Amino acid sequence: MNSKERISGELFSVDLCGSLCLCGEKRCQRIHHRDTEFAQSFTESFLRMYLRQSCLLLVMVCGLLASSTGFVVAKEAQPNEDPQIEQRMKTLTEQLRCMVCQNETLDASRADLAENLRKEIREQIKAGKSDQEIIAFLTQRYGDYVLYNPPVKKTTYLLWFGPFILLIGGTAVLYRYLKNRREMIKESPLSADERKRAEEILNA
Amino acid sequence: MNKYLLIPLALFIGLAAFLFVGLSRDPRELPSALINKPAPDFQLQRLQEPTKTLSAKDLRGKVWLLNFWGTWCIACRDEHPRLIEYAKSKSLPIYGVDYKYANDTSDERTAAIQFLAEAGNPYTETIYDPEGRTSVDYGVYGAPESFLIDKKGVVRFKQIGPITDEVWYQKILPLAGQLNNEL
């Protein structure tokens, strides 16, 4: 790594490659040292640190980039594929979540899993499977979580209807509040009795 | 009037409680679609003996653990020494699936054979899934993943990520013992 060591003897070099957070981007770092054991222990501690510290941050950064700039482009070029199949696959995978980089669609993710699933979906389209059949194939394996558009069922009632309940509840509260306020500020003229009593108090 | 002042406070506490629970949960841990469902069948070559195959049906009548791993998977290397230790106790047979995806062109088989020879082999039997099909059938997305399968071939427990001592001794072993007593 530094030039002093480079001069003073035989060097071992180790390439450290980690699939960054499994989200597709590969990062490499080469380290040089005379001692293989050092290199090995360095490798281990580096990877451990790498996984623990950088992953969360990088997932967030890569999610942000992916969502804001369309930074992530599918790695594999498929020039020989039928554009019709590709188009169908794209519309399908845009609605599906990559399980590795959970804020990316299967369409956008460069994770190995996503690539593998795109290949699987491509093959199923070629085999004449319908979109529903392909989605069923995936939900059987990965659960409803793969769907960006979750199905309406018992466990998702709160998800689907919660916002409407909040809206209705909020409107009701607001209506009551405004009504009470209007009543509070309504001017009611004093009756003759009240006027008389008020004058008595004021003149006393 | 004071009563109404408490409402925003109550709402805030409720929201804070929700968010607090959300913070302590790992978003990577998802309920498996496979729990209490039959383990998907496979028919794969054995890693070291390509002429022989192993299928999930061969293991009917046994309680066993299916562990998905690969030499490319860093967390699997972290888990490996513990698997060796667990395998020594012979309390639960561990079957390994060495997998990679089809777009990965590396020679995983050779690498895996070498890795097991060097680092030790905790697996009763290892099978090789070069296109990751079986891993997709099991819904694996965060290797290593392990599935505890009962005598009838039903998945009863799933661990995403490395098995820790806590998971092994407090969840997997007790459940395996219970499943062994089932008919």
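Residues numbered from 1 in each chain as written. Chains lettered and ligands numbered in written order. Predicted model: local features only at pLDDT ≥ 70, side-chain atom pairs only at ≥ 80, totals over all residues. Heavy atoms only, no water.

A. Broad picture of the pattern of salt bridges. What the rule picks out here adds up to 16 salt bridges over all chains. Here K52 of chain B makes a salt bridge to E49 of chain B, at a shortest N to O gap of 3.1 Å. When its relative accessible area of 43% is taken as the criterion, K52 of chain B is described as partly exposed. Here E49 of chain B falls in the partly exposed class, since its relative accessible area comes to 32%. In this structure, a network of salt bridges that share partners links the residues K119, E120 and E123 of chain A together with E131 and R133 of chain B. (Salt bridge = Lys/Arg side-chain N within 4 Å of Asp/Glu carboxyl O. Buried < 20%, exposed > 50% of the residue type's maximum accessible area, 1.4 Å probe, protein only.)

B. Examining the packing of helix α3 (residues 83-93) of chain A against helix α4 (residues 112-126) of chain A more closely. Residue and element names in this part refer to chain A. At their nearest, the axes of α3 and α4 sit 10 Å apart, and the two run at 125 degrees to each other. Between α3 and α4, the angle falls in the class oblique. Where α3 crosses over α4, the two elements pack in a sense that is right-handed. In this structure, α3 uses I85, E86, R88, M89, L92 and T93 to contact α4, whose residues at the interface are R118, I121, R122, I125 and K126. A breakdown of the residues in the contact of α3 with α4 according to their chemical character gives 5 nonpolar, 1 polar and 5 charged. (Axes fitted to C-alpha atoms, helices over the stretch in contact; angles between N-to-C directions. Helix = DSSP H or I, 4+ residues; strand = E, 2+ residues; numbered from the N terminus. Parallel < 35°, antiparallel > 145°, perpendicular 65-115°, else oblique. Left-handed = near helix turned anticlockwise from the far one by under 90°. Contact = heavy atoms within 4.5 Å. Nonpolar A, V, L, I, M, F, W, Y, C, P; charged D, E, K, R; others polar.)

C. Representation of the interface of chain A and chain B within the structure. At the interface, 22 residues of chain A touch 19 residues of chain B. Carbon and sulfur atoms make up 54% of the area that chain A and chain B hide from each other, which totals about 1800 Å². By the criterion of area lost to chain B, the three top residues of chain A are N116, R141 and Y142 of chain A, representing 28% of everything that side buries. Applying the counting rule to chain A against chain B returns 3 salt bridges. (Buried area = accessible area lost by both parts, 1.4 Å probe.)

D. Structural view of the packing of aromatic side chains. All names here are of chain B. Under the defined criterion, the tally for this structure stands at 13 aromatic pairs over all chains. Relative to F147, the ring of Y138 lies with its centre 5.1 Å away and its plane at 65 degrees, an arrangement referred to as edge-to-face. Under the relative-accessibility criterion, Y138 is labelled buried at 0%. Overall, F147 belongs to the buried group, its relative accessible area being 0%. Through pairs of rings, three or more aromatic residues link up here, namely F42, F68, W72, Y99, Y101, Y138 and F147. (Phe/Tyr/Trp six-rings, centres within 6.5 Å; stacked < 30°, edge-to-face > 60°.)

E. Looking closely at the state of the cysteines. Residues and elements named next belong to chain B. According to the stated counting rule, one finds 1 disulfide over all chains in the structure shown. One disulfide in the model links C73 with C76; its S-S distance is 2.1 Å. With the S-S bond torsion at 90 degrees, the cross-link from C73 to C76 turns out right-handed. Summarising the burial analysis for this pair, C73 and C76 share the class buried. (Disulfide = S-S within 2.5 Å.)

F. Highlighting the pairing of strand β6 (residues 145-149) of chain B. All names here are of chain B. Among the 5 residues that make up β6, 5 are buried, leaving the element largely enclosed by the rest of the structure. Of the two faces of β6, the one lined by E145, F147 and I149 and the one lined by S146 and L148 are each fully buried. Pairing of strand β3 (residues 64-69) with β6, which is carried by 5 bridges, proceeds in the antiparallel orientation. Paired with N67 across the bridge in β6 is S146. Bridge count between β6 and strand β7 (residues 155-160): 5 bridges; the pairing is antiparallel. Residue pairing across strands places E145 opposite I160, the latter belonging to β7. Counted between consecutive antiparallel strands, the loop separating β6 from β7 contains 5 residues, among which G153 sits at a positive phi close to 80 degrees. (Pairing = 2+ DSSP bridges.)

G. The arrangement of helix α5 (residues 131-142) of chain A in detail. Residue and element names in this part refer to chain A. The end-to-end C-alpha distance of α5 is 16 Å, a good match for the 16 Å that 12 residues give at a rise of 1.5 Å each. Regarding α5, the residues found buried are I134, F137, L138, T139, R141 and Y142. Count one or two residues on from α5 and you reach G143, which has phi positive near 85 degrees. (Expected span 1.5 Å × (residues − 1).)

H. Just α3 of chain A, in detail. Residues and elements named next belong to chain A. Within α3 the residues assigned to the buried category are I85, E86, M89, L92 and T93. Axial view of α3: buried residues confined to an arc of 130 degrees, hence all on one face. Within α3, the exposed residues directed more than 90 degrees away from the buried face are P83 and Q84. Structurally, α3 contributes buried residues whose contacts are with α4 and α5. (Arc of directions from axis to C-beta.)

I. Up close: the packing of α4 of chain A against α5 of chain A. All names here are of chain A. Where α4 meets α5, the closest approach of the two axes is 10 Å, and the angle between their N-to-C directions is 145 degrees. The way α4 lies across α5 gives a crossing that is right-handed. Between α4, through L113, L117, E120, I121, Q124 and I125, and α5, the contact on the second element is made entirely by I134, F137, L138 and Y142. Here the residues of the contact of α4 with α5 sort into 8 nonpolar, 1 polar and 1 charged.

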